[in-house]
Amino acid sequence: MAGLQPLDDGLNSECRALAEALRQQFEALGLSVRRYATRRFLSPGTLSRYLAGSRVPQWSFVQTLLTDVAEERCVALTPEAMDVLRRLHSAAQRTSVSMSKAVAQLQLQLADADREARRSSARKEILDDALVDRNERIADLEVRLSLQPLDPGDADEETILAERNRLAAEVTRLRAQLTEVQSRVELAEERCELLERQLALVEVQRGLDPGEQLFTAVESVRHLLPPGIRPKVLLVDDQPANLLALKSVLQVPDQELVAVASGKDALKELLQHEDFAVIILDVQMPGMDGYETATHIKRRAKTRNIPIIFLTAIGADADYSMRGYSVGAVDFIVKPFDPWALRAKVAVFVELYLERRLRGSQGQPLAIAARPSG
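Throughout what follows, the structure given in this document is the object of discussion. On a predicted model such as this, the values are computed, not experimentally measured, just so you know. (Residues numbered from 1 in each chain as written. Predicted model: local features only at pLDDT ≥ 70, side-chain atom pairs only at ≥ 80, totals over all residues. Heavy atoms only, no water.)

A closer look at the environment of P6
And step 1. The residue P6 is located in the segment before helix 1 (13-27) in this model.
And step 2. Given the relative accessible area of 58%, P6 is considered exposed.
And step 3. On a C-alpha basis, the gap between P6 and L51 in space is 8.4 Å, while along the polypeptide they are 45 residues apart.
And step 4. The residues contacting P6, other than those within four sequence positions of it, are R23 and A52. (Helix = DSSP H or I, 4+ residues; strand = E, 2+ residues; numbered from the N terminus. Buried < 20%, exposed > 50% of the residue type's maximum accessible area, 1.4 Å probe, protein only. Contact = heavy atoms within 4.5 Å.)

Quick look at the structure:
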């Protein structure tokens, strides 16, 4: 058919199913893309995107197309045919919107992490310059003290010693600040790398069925490992409905989900089985909240390197984020969570977990999964 482009690569199953159904209907018209677009006051490019699956059309377009096909074939438009297309259209639209939200959410987090990396890097440069200045001034004072007697008109030795000690105290303070800022730079860069991997995985997920989405990025690692390794994900939330929602999104073959309803239960589970790929931890829980739970997890040598994703209804407030990172969280996701974004985050940490297991099975040093807090 003239002007009909091939289906876009990387379509998810819902968008592909709709595009294929629309193409089947369109081909029955026997018209070129340009001719039908002109008839329906569309641009050829827009119609091509509808039929290639890269854009989900309005339902009114689907109705019009079905009506035109029925008239061309001289047959009645059946409710059954309309219902089939309506279901396909709803599924594609829902999936397309969700994936767009996931991409937007991850891009916003990436922008925040990049901004923190740039701000911390700029602060690090200022501290570096200040440290160099103070050390040079101390060196100058040391030279003056070594000259005996002091040059005429110079300050007395006691004054020079006092200035040197003051500068030495500043050096100590600046070094402590520099260590903290350097840590912030490294953490921000690590978050940028994780978020870039998550965004890339969302794009990969477009072409997959729901049951296959999670492990596309890890299959190349999994087959190299000994059989029987099932990554475990610990879900911690005091609301049963939230745990059920997490399970429905993350339940896939060859992965074990362990759900608990409190911070204390999470710590008990980790005492028995510390080999988790990732922990999804609700922030606001009665009794021991997510921050306190994370602090206990990071204090224990066997669990301090398990990455923690904080699940929060508070939002992306910078103060809450910094508090979370300070107790050892490596990522955040906001309630109500987007399923595509959550799958991408979990899949990346599962991938890292399997990579570490592979390196361990090959006798290589294990990489650190998450930086210990404090």
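With respect to the packing of aromatic side chains
Two aromatic rings, taken as a pair, are described by how far apart their centres are and by the angle between their planes.
And step 1. Applying the stated criterion across every chain, the model contains four aromatic pairs.
And step 2. Aromatic pair F26 and Y36: ring centres 5.8 Å apart, planes at 70°, arrangement edge-to-face. Linking F26 in helix 1 with Y36 in helix 2 (residues 33-39), this pair joins segments that are 10 residues apart in sequence. Of the two residues examined, F26 and Y36, each falls in the buried class. (Phe/Tyr/Trp six-rings, centres within 6.5 Å; stacked < 30°, edge-to-face > 60°.)

Some details on the side chain of D237
And step 1. Structurally, D237 is set in the loop between strand 1 (232-236) and helix 8 (240-250).
And step 2. Side-chain polar atoms of D237 contact the side chain of N242, separated by 3.3 Å.
And step 3. For D237, the side chain forms a polar contact with the side chain of K335, separated by 3.3 Å. (Polar contact = N/O pair within 3.5 Å; in protein donor to acceptor, adjacent residues only side chain to side chain.)

Comments concerning the pattern of salt bridges
And step 1. One pass over the full model with this rule turns up 19 salt bridges.
And step 2. A salt bridge links R118 to D114; the shortest N-O distance between them is 2.9 Å. With R118 and D114 both in helix 5 (residues 79-146) and four residues apart, the pair spans about one turn of that helix.
And step 3. The partly exposed category is assigned to D114, whose relative accessible area is 34%. (Salt bridge = Lys/Arg side-chain N within 4 Å of Asp/Glu carboxyl O.)

With respect to the pairing of strand 4 (residues 308-312)
And step 1. Of all five residues that make up strand 4, five are buried, and the element is covered over most of its length.
And step 2. Of the two faces of strand 4, the one lined by I308, F310 and T312 and the one lined by I309 and L311 are each fully buried.
And step 3. One ladder, built from four bridges, connects strand 3 (residues 278-282) with strand 4; its direction is parallel. Counted as the bridge partner of L281 is F310 from strand 4.
And step 4. Tracing the backbone out of strand 3, into helix 10 (residues 290-299) and back to the parallel element strand 4 gives a crossover that is right-handed.
And step 5. Of the pairings in the sheet, the one linking strand 4 to strand 5 (residues 331-334) comprises four bridges and is parallel in character. Opposite I309, over in strand 5, you have D331 as the bridge partner. (Pairing = 2+ DSSP bridges. Right-handed = clockwise from strand over helix to strand, strands pointing away.)

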